[in-house]
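As a plain string of letters, each chain reads:
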Amino acid sequence: MNRLILIIASRWSRLVLVLFLVLSLQTTVFADLRPFGIAAQVVLLFVVCAGVSFGVSVGAVVGLIAGLMYDFVLTTPIGLGSLALGLTGATAGLLIYFYPNPTWWMRLVAVAAVSALGEIYFPLAQSMVGLDGWLQFRLLKVIAVVVVVNIVLAPGVLIISRWTLSERKNPI
Amino acid sequence: MANVLSNRRRTIILLALTSIILITLDLQNSSVVSGLRSLFGTVFHPIESVARVVTRPIGNTWHGIADYNNVIDENALLKQRIAQQEGATIAAAASVRLSQELLALNGLPTLAGINTVTAQVIGDSPSNFSQTIEINQGSKSGIRVGMPVLNAAGLIGKITKTFADRSVVMLITDPDFALSVKVVNSPQKVTTTTIARVNPATTSPVIPVDPITSVPDAATTTSTTTTTTIAGFTPSVTTLPSTPTGVSSITIPFASELAVRETGVIEGRGPSRQPTVRFIDNSLRFGEIEAGAPIVTAGGSRSLAPPDILIGKVSRVIERLGSAGPVLEIELVADLSNLSFLRVLLYQPITEKTTP
């Protein structure tokens, strides 16, 4: 019984619940508000924020789980977004690997850079399974909009990702 | 600490392998993956619905700020277009009615004989790398994967996923979209043959008529000639005798001068580029394809859409060397950036229908 409560109270269970909320925002409000015709990517932002806050391995796990959930609502093959976001989370975690105590602006720069990379990983992964046609000049516009929106939203999402993934001692 | 890292590394490997297995299964159209997707959809749908209700004011505020001027301009433009098209619509409706009657008389299938389900768009694709929309009708309404989806203007896409009460529509612009189509190449000019009633055996020489304006030839007929220049319709000449002179004129276009149809495949190229039609035969009979030639669905026992649904018109012809045939860039008649109410044709080709 105690073990079950420990699992329910773990940060990974919390992560899945928070990801459901983030995903619901992604498929509703952020799919509807499209600055310059581009959808903001809050699932990607959450993964990047987890990576820059907790490092490579946590970033990769969060990316793989978030990507898997995102895949279930997309029409692309399941697992593709998981791999792309897992790689994105791991890339974001490299910040902690090189700078164990990054400043706030370093985190923001990392969020911007990795968001751009994340938007490149996905069409690359698509083209690897034969769904080509997305690597075109429009990608630059997508990257520009996603980077700007992610920089604006990053402070709030960084707080949420830290709250979600923080270890809590003695949950029972 | 080392144990935690080892566990985490194991988790990452496990998740990555799971993803690869899922990709492989999904690309093989595994029913397990479809079931998982359906299950996730069932669990996620209530959460999404709550989020949609809660965030609607945010969306409305955003659209109020960002799109107000566009809506005003669009409204003015639409009013002007409605005024222009009111007359043309009546004439077109009469033509369509006649055409449907003729098809019905000859036992040919028409769109009017296919049941439809009206649906409303409830969401766009959350990703920037898929061109899909979500509609509020699903398998309960008889919708199946592959059925064509139209708006008032023409074809916009096809159903790619169905749930009980919603479906996902892949738009024509998605790079994964492909459908067989017909290019209706309008003849360059119309020639008429005037037959005199007095001596039916005598046929007057062929008289070329300018497709835009035609002046009745007083030497041949005393008639009023009207022509149509609507792209995609075979220009026809209606000759009405102004005075009963004993010579009546009827218009018989030569078979070789009727609109020629050639099939190809339309393929999406993403939202920023126009779809293209490829595999057009480079035959002499088909002639030069000109910008403005309409593109309609080809139909057939293997095609997912019935014949003659309007898709768009040729905006550019890219000639290729050899026998490769041209590539046509298509300007869609439907505005895919502004979709609201749609019709799903409950059509399945004979090859897809399951026997009871």
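Residues numbered from 1 in each chain as written. Chains lettered and ligands numbered in written order. Predicted model: local features only at pLDDT ≥ 70, side-chain atom pairs only at ≥ 80, totals over all residues. Heavy atoms only, no water.

1. Observations regarding the packing of aromatic side chains
- In the structure shown here, the tally under the stated rule is 7 aromatic pairs over all chains.
- Ring geometry for F20 of chain A against F40 of chain B: centres 5.7 Å apart, planes inclined by 15 degrees, an arrangement best described as stacked. With one member in each of two chains, F20 of chain A in helix α2 (residues 11–27) and F40 of chain B in helix α2 (residues 31–66) form a pair that bridges those chains.
- Look at F20 of chain A and you get buried, because its relative accessible area is 14%.
- A network of ring pairs unites the aromatic residues F20 and F72 of chain A together with F40 and F44 of chain B as a single cluster.
- Of note, K158 of chain B hangs over the ring of F177 of chain B, and the distance from its end group to the ring centre comes to 5.1 Å.
- The ring of F163 of chain B carries R166 of chain B above its face, with NZ or CZ at 4.3 Å from the centroid. (Phe/Tyr/Trp six-rings, centres within 6.5 Å; stacked < 30°, edge-to-face > 60°. Helix = DSSP H or I, 4+ residues; strand = E, 2+ residues; numbered from the N terminus. Buried < 20%, exposed > 50% of the residue type's maximum accessible area, 1.4 Å probe, protein only. Lys NZ or Arg CZ within 6 Å of the ring centre and 35° of its normal.)

2. A few points about unusual backbone geometry
- Here the phi dihedral of F36 of chain A falls at roughly 55 degrees; this positive angle occurs in a residue that is not glycine.
- As for its position among the elements, F36 of chain A is in the loop between α3 (29–32) and α4 (42–54).
- Under the relative-accessibility criterion, F36 of chain A is labelled exposed at 67%.
- One non-glycine residue with positive phi stands out, namely D308 of chain B, at about 70 degrees.
- In this fold, D308 of chain B is placed in the loop between β13 (294–297) and β14 (310–318).
- Taking relative accessible area as the criterion, D308 of chain B reaches 42% and is therefore assigned partly exposed.

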